[in-house]
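Here is how the chains run, residue by residue.
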Amino acid sequence: MSYVELTVAAPVAAEETVTAALAACETLGGWVEKPGLFRGYFSPPAANLTDRFRAAWCDLAGEPCPHPIVVRNRLAQDWLMASRAAAKPIPITRRLWVAPPGVVPDAAYSKVVWIQPGLGFGTGSHATTQALLRWLDHGSPFRSVLDVGTGSGVLALAAVALGAGRVVGLDIDPDAIVGAIDNRARNAQASELMLVRGSTASLRPGYRFECVLANLDGPTLAKELPHIVGLCSARGRVGVAGLMLSERERLIDAARQLGLALLDQREDPDPTFKDVWWSGWFAAPENPV
Ligand code: SAM
């Protein structure tokens, strides 16, 4: 499979406009290769991509794009290899670090999760992933953790690193499960992590977890929330992320009706979407509804 790559050489300060213009052209993903060099990837044929990018830039910045743009076809492997080479470790908390394989461990962090970029969503760089990782670390050790929508496996692997004995990661995407299995093999003590293709309905009734994490989109969370609460132990913790701020009230209402009590919440602006991510951390009821 091949991709269309757009490269723009623009000053570091233009990052927000570049990412928003790439998003307006429906990029599949992109990254900053080095300060001042941005790359975005598109499904072929990506017709008139340079013109569309220039038009989006003009809409956003109110003036023509003055920076050089290069568009060319790339093999998927090129993209993956280059994005892996550009990946950097991400400090999450004082002790938790998410890092790509091959970097030298930093002794300042006692809990390390190794994640190969490109194997499912969740390298640790996204605000929604980080919100859940921070709460997970803050509330740990949990004896058991369920990660609904595990992607790369990053949350589930962090739960193992933080001392959880029983951890299950679920994902409806078979490619995500394959990627998570690959990442599991990179992390010591993670062999006990159970990865299941499917969603909450795939688990045997009666299973309970001290902590349930779900980084999904708003509509999926609305549908899954009753099942998530049903899988959480009495007085356990539920962490949700992946919602936009406008979806907050509806989610909090639904959570309240299920007996969840809001303990903490975060708002993380996303310049690409010109919107704000909302994440919530809840306590499950003593007697689940
Ligand atoms: N947990 C990772 C993180 O926090 O970075 C990845 C989160 S990613 C935003 C969402 C993942 O949820 C995707 O891998 C997607 O395939 C999966 N997903 C979407 N709907 C789902 C559902 N109903 N049940 C289980 N997984 C689902």
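Keep in mind it's a predicted model, so treat the numbers as computed, not measured.

Definitions and cut-offs
Residues numbered from 1 in each chain as written. Predicted model: local features only at pLDDT ≥ 70, side-chain atom pairs only at ≥ 80, totals over all residues. Heavy atoms only, no water. Helix = DSSP H or I, 4+ residues; strand = E, 2+ residues; numbered from the N terminus. Rg over C-alpha atoms; globule rule 2.2 N^0.38 Å. Buried < 20%, exposed > 50% of the residue type's maximum accessible area, 1.4 Å probe, protein only. Polar contact = N/O pair within 3.5 Å; in protein donor to acceptor, adjacent residues only side chain to side chain. Near = heavy atom within 4 Å. Areas by Shrake-Rupley, 256 points an atom, 1.4 Å probe, with all protein chains shown as cover. Pairing = 2+ DSSP bridges. Axes fitted to C-alpha atoms, helices over the stretch in contact; angles between N-to-C directions. Contact = heavy atoms within 4.5 Å. Core = buried A, V, L, I, M, F, W, Y, C linked by side-chain atoms within 4.5 Å.

**Student:** Residues and numbers for the overall build of the protein, please.
**Tutor:** Counting its regular elements, the protein contains eight helices and 14 strands. Whereas a compact globule of 289 residues would reach a radius of gyration of roughly 19 Å, the protein reaches 20 Å, a difference of no more than 12%. Taken along its principal axes, the extent of the C-alpha atoms in the protein is 60 × 40 × 35 Å. In the protein, which comprises 289 residues, the proportion classed as buried is 48%.

**Student:** Residue-level account of the side chain of Arg 74, with values.
**Tutor:** In this fold, Arg 74 is placed in strand S4 (residues 69-75). What makes Arg 74 buried here is its relative accessible area of 15%. Within polar-contact distance, the side chain of Arg 74 engages the side chain of Glu 5 at 2.7 Å.

**Student:** Go over the site of the ligand with me, naming the residues and quoting the values.
**Tutor:** Around the ligand, 18 residues are found, and the nearest of them are Thr 129, Gly 149, Asp 171, Ser 199 and Asn 215. One of the side-chain nitrogen or oxygen atoms of Asp 171 is found 2.7 Å away from an oxygen atom of the ligand. A distance of 2.7 Å is found between a nitrogen atom of the ligand and a side-chain nitrogen or oxygen belonging to Ser 199. When the ligand is considered free in solution it has 600 Å² of accessible area, and contact with the protein chains removes 85% of it. Breaking the shell around the ligand down by element, the ones donating at least two residues are helix H5 (154-161) and helix H7 (218-230).

**Student:** Outline the sheet that holds strand S14 (residues 275-283), supporting the account with residue identities and numerical values.
**Tutor:** In spatial order, the strands read S10-S9-S8-S11-S12-S14-S13; together these seven strands make up an open sheet with mixed pairing. The two strands at the open ends of the sheet, each matched to only one other strand, are strand S10 (194-197) and strand S13 (261-270). Averaged over all adjacent pairs, the angle separating strand axes in this sheet is 15°, with direction ignored. Where S13 and S14 come together, nine bridges link them in antiparallel fashion. Paired with Glu 267 across the two strands is Trp 278, which belongs to S14. Along the sheet face, H7 touches strand S8 (144-148), strand S11 (209-215) and strand S12 (232-244) and points at about 175° away from the line of S12.

**Student:** Any details on the pairing of strand S3 (residues 37-42)? Residues and values, ideally.
**Tutor:** In terms of residue burial, S3 counts as a mostly covered element, since six of its six residues are buried. Taken together, the six bridges between strand S1 (residues 2-9) and S3 define a ladder with antiparallel strand orientation. The residue bridging Val 8 from the neighbouring strand is Phe 38, located in S3. Relative to S3, strand S2 (residues 29-34) runs antiparallel, the two being bridged by five bridges. Paired with Gly 29 across the bridge in S3 is Tyr 41. A loop of two residues connects S2 with S3, the two strands running antiparallel in sequence, and Gly 36 in this loop sits at a positive phi of about 95°.

**Student:** Any chance you could break down the sheet that holds S1 for me, citing the residues and the numbers?
**Tutor:** Judged by pairing direction, the sheet is antiparallel, and its four strands sit side by side in the order S2-S3-S1-S4 without closing on themselves. Edge positions in the sheet fall to S2 and S4, since each of these pairs with one other strand and no more. Strand after strand, the sheet turns through a mean of 25° between neighbouring axes, direction not considered. Sheet strands touched by helix H1 (residues 15-24): S1, S2 and S3. Its angle to S3, the strand with the most contacts, is close to 10°. Here helix H2 (residues 49-61) sits on the sheet and contacts S1, S3 and S4; the angle it forms with S4, its principal contact strand, is near 130°.

**Student:** Give a detailed account of the nonpolar core, specifying residues and quantitative values.
**Tutor:** Grouped together as the largest cluster of nonpolar side chains are 32 residues, with contacts concentrated most on Leu 133, Leu 136, Val 145, Val 167 and Leu 213. Where this core is concerned, the elements lending two or more residues are strand S6 (96-99), helix H4 (127-139), H5, helix H6 (174-186) and S11. It is H5 that provides the largest number of residues to this core, a total of seven residues. Ranked by size, the runner-up nonpolar core spans 27 residues in total, among them Leu 203, Leu 221, Val 229 and Leu 231.

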